[in-house]
Amino acid sequence: MKLRWSNIVPHVILSVFSLCILLPLIWVLRVSLTDKLTAYKIPPEIGHLGLENYVEIFSTYPFERWFMNSLIVALASTAI
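Only a predicted model underlies this, so the values are computations on that prediction, with no experimental measurement involved. For every chain, the first residue of the written sequence is number 1, and numbering continues from 1 onward in sequence order. Since the coordinates come from a predicted model, pLDDT governs what is reported: local features require at least 70, and pairs of side-chain atoms require 80 or more to be given and counted, while whole-chain, interface and lining totals use all residues. Hydrogens and waters are ignored; side-chain quantities use all the structure's heavy atoms.

Draft legend 1. Spatial organisation of a nonpolar patch on the surface. Each patch groups residues whose relative accessible area exceeds 30% and which form no salt bridge, using 9 Å between like charges and 5 Å between nonpolar side chains of Val, Leu, Ile, Met, Phe, Trp and Tyr. A 1.4 Å probe and the Shrake-Rupley method give the accessible areas. Residues count as covered only by the protein chains that appear here. Any Lys or Arg side-chain nitrogen located within 4 Å of an Asp or Glu carboxyl oxygen qualifies as a salt bridge. Taken together, L29, L51, Y54, V55, I57, F58, Y61 and W66 make up a surface patch of nonpolar side chains, about 790 Å² in accessible area. If you tally residues by element for the nonpolar patch, the top one is helix α3 (residues 52-60), at 4 residues. Put simply, DSSP marks the helices as runs of H or I at least four residues long and the strands as runs of E at least two long, and each gets a number from the N terminus on.

And the structure:
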C-alpha cells in the first residue's frame, strides 16, 4: 500500500500543476474562437465557436507585415 501512495501523490501534484499551466492557454484559445460579446461575458459562456476572428485578421489587417516585423525583432534580439 505504501508503494502505491508513493506513486499516486506525485502524479496528482504534476496533474494539478499541468492544469494550472494549461488553463490560461486553453482560455486564450477559447476567447480567440468566440465573438467579442461572448468573450468578455461574466460569467463566461462557451457560445458559438468559429474562425471568424482569424478570417478577419488575415483579410482586413496587414498581419503578414506585423508578423514579419515581430520575427525580425525577435531574431535580432536573440542574436544580440
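Past the structure itself, the notes keep going.
Draft legend 2. Quick peek at the packing of aromatic side chains. Note on ring pairs: Phe, Tyr and Trp rings are taken, using the six-membered ring of Trp, and paired if centres are within 6.5 Å. Classes follow the plane angle, with under 30 degrees stacked, over 60 edge-to-face and the rest tilted. Counted according to the given criterion, the structure contains 3 aromatic pairs. Here F58 and F63 contribute two aromatic rings whose centre-to-centre distance is 4.9 Å and whose plane-to-plane angle is 85°, an arrangement assigned as edge-to-face. Taking the centre distance of 6.1 Å and the plane angle of 25° together, the rings of F63 and F67 count as stacked. In this pair, F63 and F67 are both assigned in helix α4 (residues 63-79), 4 residues apart and thus about one turn of the helix distant. Here the aromatic residues F58, F63 and F67 are joined through ring pairs into a cluster of three or more. Definition used: whenever NZ (Lys) or CZ (Arg) falls within 6 Å of the ring centre and also within 35 degrees of the ring normal, the charge is taken to sit over that ring. Against the face of W27 rests R30, its NZ or CZ located 4.4 Å from the ring centre.

Draft legend 3. Spotlight on the pattern of salt bridges. Under the criterion given, the structure shown has 1 salt bridge. With its nearest N and O atoms 3.5 Å apart, the salt bridge here joins K41 to E45. Since its relative accessible area comes to 38%, K41 is described here as partly exposed. Under the relative-accessibility criterion, E45 is labelled partly exposed at 39%. Relative accessibility decides the category of a residue: with a 1.4 Å probe and only protein chains considered, values under 20% of the type maximum give buried, values over 50% give exposed, and everything between is partly exposed.

Draft legend 4. Up close: unusual backbone geometry. Residue P43 follows I42 across a cis peptide bond; omega there is -5°. Position of P43 among the secondary structure elements: in the loop between α2 (36-39) and α3.

Draft legend 5. Inspection of the environment of E56 at higher detail. By secondary structure assignment, the location of E56 is in helix α3. Along the primary structure E56 and S77 are separated by 21 residues, whereas in three dimensions their C-alpha atoms are 30 Å apart.

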